[in-house]
2 protein chains.
Amino acid sequence: MDDKIERPAEIAAQSFKVIRAEMHEMGYHFAAHQQAVIERVIHSTADFEFADLIQFSPAAIPHGIAALQRSAPIVTDVNMVRIGINQRRAQGLGSTIHCYVGDVSAEDTAANGLTRTAAGLHLAHEKGLLANAIVVIGNAPTALFSVIDLIEQQGVRPALVVGVPVGFVNTIESKDALSQLDSVPWFITTGRKGGSSVAVAMVNTLLRLAHGEPSEAI
Amino acid sequence: MDDKIERPAEIAAQSFKVIRAEMHEMGYHFAAHQQAVIERVIHSTADFEFADLIQFSPAAIPHGIAALQRSAPIVTDVNMVRIGINQRRAQGLGSTIHCYVGDVSAEDTAANGLTRTAAGLHLAHEKGLLANAIVVIGNAPTALFSVIDLIEQQGVRPALVVGVPVGFVNTIESKDALSQLDSVPWFITTGRKGGSSVAVAMVNTLLRLAHGEPSEAI
């Protein structure tokens, strides 16, 4: 079975070749940066439907790249997203990655009527981490609604909100609400789909682009 | 926006109600344990295609539940899977969760011609952790091929292999090879789809079932 074990760089290069060929056959054409984000999400999910679902506010990708090049902190809703983000590439830009869902007490959530992920985002805000940050919501619509509240009611201004929660209750509504903001750049996936793997793929593409690396690098 | 923030238990109950209703409309009928695994994967991905893609070897779910009730270790290929597995429920059964991808040196991989994830599985084997374990491959076909080699060539016998890597190169082949084993129980997703979120949903369902909890519990 050793013949099946190829070098990671070759596996990645071949994978992106297949993805691009199939996207081309399906008639998709995107600008280079958008293509980089979309193809990496497809690489992580094997789901070409994301080519139709991913939407960006105007210039959201350049905003995200520039923020990372200024060492923007990255704040996530859940630990699966935190740990999936490439720490070496983030550190190389001086960016730190944060998730406070595990630091939230039962009292915090009960007192404020918040879910744990939403309370984690509020804790990040109290620590001053959301301003000019890349805020990444891969799981919880409640966390995304909290971020939107902080933007609208408290004037918090992240550099970019990656809002791609997955699910069946309030998920579409949370992403619709994000996409109506014009005060903050955003990425969303329309509809129910999204998730930790999608969020991670998006941020890892931005980190590659911020480093000036080809998007299919390992 | 506070009206959108509901209690997590209510959100989960409503989500599973929607999933079951839509599966029923689509004509899907599964035995209770299989339904529990499939609906939690759909809950994590919003992708009903998994109802067609998930396959189990005979009695794989009872084997997995019994192993967890005997405190089987859980060994994962990547840290996103490790951290997504519910640690509280695993600890409650005496199960520990392991991932060695971060402990592999460049020399280990170069010397053996292995990817980092595959070398991580070999390291787990050297530590005696694969026998009677729940082995969970959510990302890397190379890691799954290594597990299959250890089963076939060294007689290693995990209690269950959850083999759901995602991707475009060798992924389908790795899952086909796993599904041809009759010496070890397995879960797979046929085709390209799979991934960390799918693997996590499957193992978290087994942990719930091993605790005797309703599958839609938080």
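For the structure, check the block above.
These remarks concern the structure in this document. (Residues numbered from 1 in each chain as written. Chains lettered and ligands numbered in written order. Predicted model: local features only at pLDDT ≥ 70, side-chain atom pairs only at ≥ 80, totals over all residues. Heavy atoms only, no water.)

Turning next to helix α4 (residues 60–69) of chain B. Since the α-helix packs 3.6 residues into each turn, any two residues three or four apart lie on the same face. Residues and elements named next belong to chain B. Along α4, the positions that sit buried rather than exposed are A60, I61, G64, I65, A67 and L68. All buried residues of α4 lie within an arc of 160° about the axis, which places them on one face of the element. Backbone geometry just after α4 places S71 at a positive phi near 65°. (Buried < 20%, exposed > 50% of the residue type's maximum accessible area, 1.4 Å probe, protein only. Helix = DSSP H or I, 4+ residues; strand = E, 2+ residues; numbered from the N terminus. Arc of directions from axis to C-beta.)

Residues and elements named next belong to chain B. One non-glycine residue, S71, adopts positive backbone phi at about 65°. Position of S71 among the secondary structure elements: in the loop between α4 and β2 (74–76). Taking relative accessible area as the criterion, S71 reaches 32% and is therefore assigned partly exposed. Positive phi, normally seen in glycine, also occurs at N170, with a value near 70°.

All names here are of chain A. Burial along strand β6 (residues 186–189) is two-sided: W186 and I188 facing one way and F187 and T189 facing the other are all buried. Bridging between strand β1 (residues 54–56) and β6 involves three bridges; their strand directions are antiparallel. Looking across to β6, one finds that Q55 is bridged to I188. Of the pairings in the sheet, the one linking strand β5 (residues 160–163) to β6 comprises three bridges and is parallel in character. Residue G163 lies in a different strand from β6, and its bridge partner there is I188. The parallel pair β5 and β6 is bridged by helix α10 (residues 171–179), and the resulting crossover is right-handed. (Pairing = 2+ DSSP bridges. Right-handed = clockwise from strand over helix to strand, strands pointing away.)

Next up on the list: the relation of the copies chain B and chain A. The two chain copies are related to each other by a rotation about an axis together with a translation along it. The transform that puts chain B on chain A rotates by 180° and translates by 0.0 Å along the axis, for an RMSD of 0.0 Å. On the angle and the small slide along the axis, the relation comes out as a two-fold axis. Residue B:M80 of chain B places its C-alpha closer to the rotation axis than any other residue of that unit, at 2.6 Å. Take the interface residues of chain B: 98% of them recur as interface residues in chain A, which is what a same-surface contact looks like. (Least-squares fit on C-alpha atoms with pLDDT ≥ 70 in both. Contact = heavy atoms within 4.5 Å.)

Quick look at the pattern of salt bridges now. In total, this model carries 12 salt bridges over all chains according to the counting rule given. The closest approach of N and O atoms between B:E22 and A:R192, which form a salt bridge, is 2.5 Å. On the criterion of chain membership, the pair formed by B:E22 in helix α1 (residues 8–25) and A:R192 in the loop between β6 and α11 (196–210) is interchain, its members lying in two chains. Connected through shared salt-bridge partners, A:D47, A:E49, A:K193, B:D47, B:E49 and B:K193 make up one network. (Salt bridge = Lys/Arg side-chain N within 4 Å of Asp/Glu carboxyl O.)

Between chain B and chain A, the residue contacts involve 44 residues of the former and 43 residues of the latter. Taken together, chain B and chain A are joined by four salt bridges. Of the charged contacts in the structure, one is a salt bridge between A:D47 and B:K193, with a shortest N-O distance of 3.8 Å. Sorting the residues of the side of chain B that touches chain A by element identifies α1, α2 (32–45), α5 (79–84), α9 (141–154) and α11 (196–211) of chain B as the ones contributing at least two each. The greatest single-element share of the side of chain B that touches chain A, amounting to seven residues, is contributed by α1(B). Split by residue class, the side of chain B that touches chain A holds 18 nonpolar, 15 polar and 11 charged. (Nonpolar A, V, L, I, M, F, W, Y, C, P; charged D, E, K, R; others polar.)

All names here are of chain B. The interhelical angle for the contact between α1 and α2, taken along N-to-C directions, is 110°, at an axis separation of 10 Å. The pairing of α1 with α2 is recorded here as roughly perpendicular in orientation. Here α1 and α2 pass one another in a crossing that is right-handed. Touching S15, F16, I19, R20 and M23 of α1 are Q35, I38, E39, R40, I42 and H43, all from α2. Residue composition of the contact of α1 with α2, by class: five nonpolar, three polar and three charged. (Axes fitted to C-alpha atoms, helices over the stretch in contact; angles between N-to-C directions. Parallel < 35°, antiparallel > 145°, perpendicular 65-115°, else oblique. Left-handed = near helix turned anticlockwise from the far one by under 90°.)

The next subject is the sheet that holds strand β4 (residues 134–137) of chain B. Residues and elements named next belong to chain B. The six strands lie next to each other as β1-β6-β5-β4-β2-β3, forming an open sheet whose pairing is mixed. Edge positions in the sheet fall to β1 (54–56) and β3 (97–98), since each of these pairs with one other strand and no more. Here β4 runs beside strand β5 (residues 160–163); their pairing, made up of four bridges, is parallel. Considered in β5, the bridge of I137 is made with G163.

All names here are of chain A. In the structure shown here, the tally under the stated rule is six aromatic pairs over all chains. With centroids separated by 5.9 Å and ring planes inclined at 15°, the aromatic side chains of Y28 and F30 adopt a geometry described as stacked. When the ring of F56 is compared with that of F187, the centres are 4.9 Å apart and the planes differ by 85°; the resulting orientation is edge-to-face. Taken together, the residues F56 in strand β1 and F187 in strand β6 connect sequence positions 131 residues apart. Using a relative accessible area of 15% as the deciding quantity, one classes F56 as buried. (Phe/Tyr/Trp six-rings, centres within 6.5 Å; stacked < 30°, edge-to-face > 60°.)

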